[in-house]
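Understanding the architecture of this molecule
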Amino acid sequence: MFNWTSVVLAGGGAAIGATVRYLVMQIAQLISHWRLQHSGRVPSRFPWPTFLINVSGSFMLGWVMSSGLNTGIKVLVGAGVLGGFTTFSTMANEIVLLARDQRLRLAVWYGIFSLLCGVLAAVVGMKLN
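Since this is a predicted model, take the numbers as computed values, not measurements.

Some words on the overall build of the chain
Secondary structure assignment for the chain yields five helices and zero strands. Judged by the C-alpha coordinates and their principal axes, the chain covers about 50 × 25 × 25 Å. Counting only residues that meet the buried cut, the chain has 26% of its 129 residues in that class. Across the chain, the fraction of contacts at a sequence separation of at least 24, relative to all contacts at a separation of at least 6, is 76%. Of the accessible surface of the chain, which amounts to about 8500 Å², a share of 71% is contributed by carbon and sulfur atoms.

Focus on the packing of aromatic side chains
This structure, assessed with the given rule, holds seven aromatic pairs. Look at Phe 46 and Trp 48: their rings are 4.4 Å apart centre to centre, the planes differ by 50 degrees, and that puts the pair in the tilted class. With a centroid separation of 5.2 Å and 80 degrees between ring planes, the pair formed by Phe 46 and Tyr 110 is classed as edge-to-face. In this pair, Phe 46 is assigned in the loop between α1 (4-39) and α2 (48-65) and Tyr 110 in helix α5 (residues 104-127), connecting sequence segments 64 residues apart. Each member of the pair Phe 46 and Tyr 110 is classed as buried. Following the ring pairs from residue to residue traces out a cluster consisting of Phe 46, Trp 48, Phe 51, Tyr 110 and Phe 113.

Regarding the side chain of Asn 54
Relative to the elements of secondary structure, Asn 54 occurs in helix α2. In contact with Asn 54, other than residues within four places in its own chain, are Thr 86, Thr 87 and Met 91.

Conventions adopted
Residues numbered from 1 in each chain as written. Predicted model: local features only at pLDDT ≥ 70, side-chain atom pairs only at ≥ 80, totals over all residues. Heavy atoms only, no water. Helix = DSSP H or I, 4+ residues; strand = E, 2+ residues; numbered from the N terminus. Buried < 20%, exposed > 50% of the residue type's maximum accessible area, 1.4 Å probe, protein only. Contact = heavy atoms within 4.5 Å. Areas by Shrake-Rupley, 256 points an atom, 1.4 Å probe, with all protein chains shown as cover. Phe/Tyr/Trp six-rings, centres within 6.5 Å; stacked < 30°, edge-to-face > 60°.

Printed below as a string of C-alpha cells:
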C-alpha cells in the first residue's frame, strides 16, 4: 500500500546515501592524486571506489533486509541510504569507459567480479542475522 511516510524515509535516506557516496569518491580521488604526486605511482585503472561502495552496500543491504528491524527502518536504510549509496549506473558507465579505452578484458572482469562479489557480500550479510 502507498505510504507517504515511506516515500519521505526513502527519499531522505537516498539523499544521505548519495552524499556519502560522493564524499567517498572525492576522497578516493584525493588519495589517488596524492599518491601520484608523492610516490609517482600511476593510479589503478580498476575502479576500486565504486567496487568497494557496491560490495559494502550489498553486504549492508543483505544484513538490513534480513534483520528484524521494523519496516520504516528498512525503508530508510535499505531503499534510502543504501539505495543512494550503491550505484549500478556508475559501474555500468565505468565498464563502457574501460571498453572504449581498449581495456576490454578489464571491463569484463570488473563487471563479473563486481556482480559475484556483490551477491556474495549480500549473502554473507543475510547470514549474519
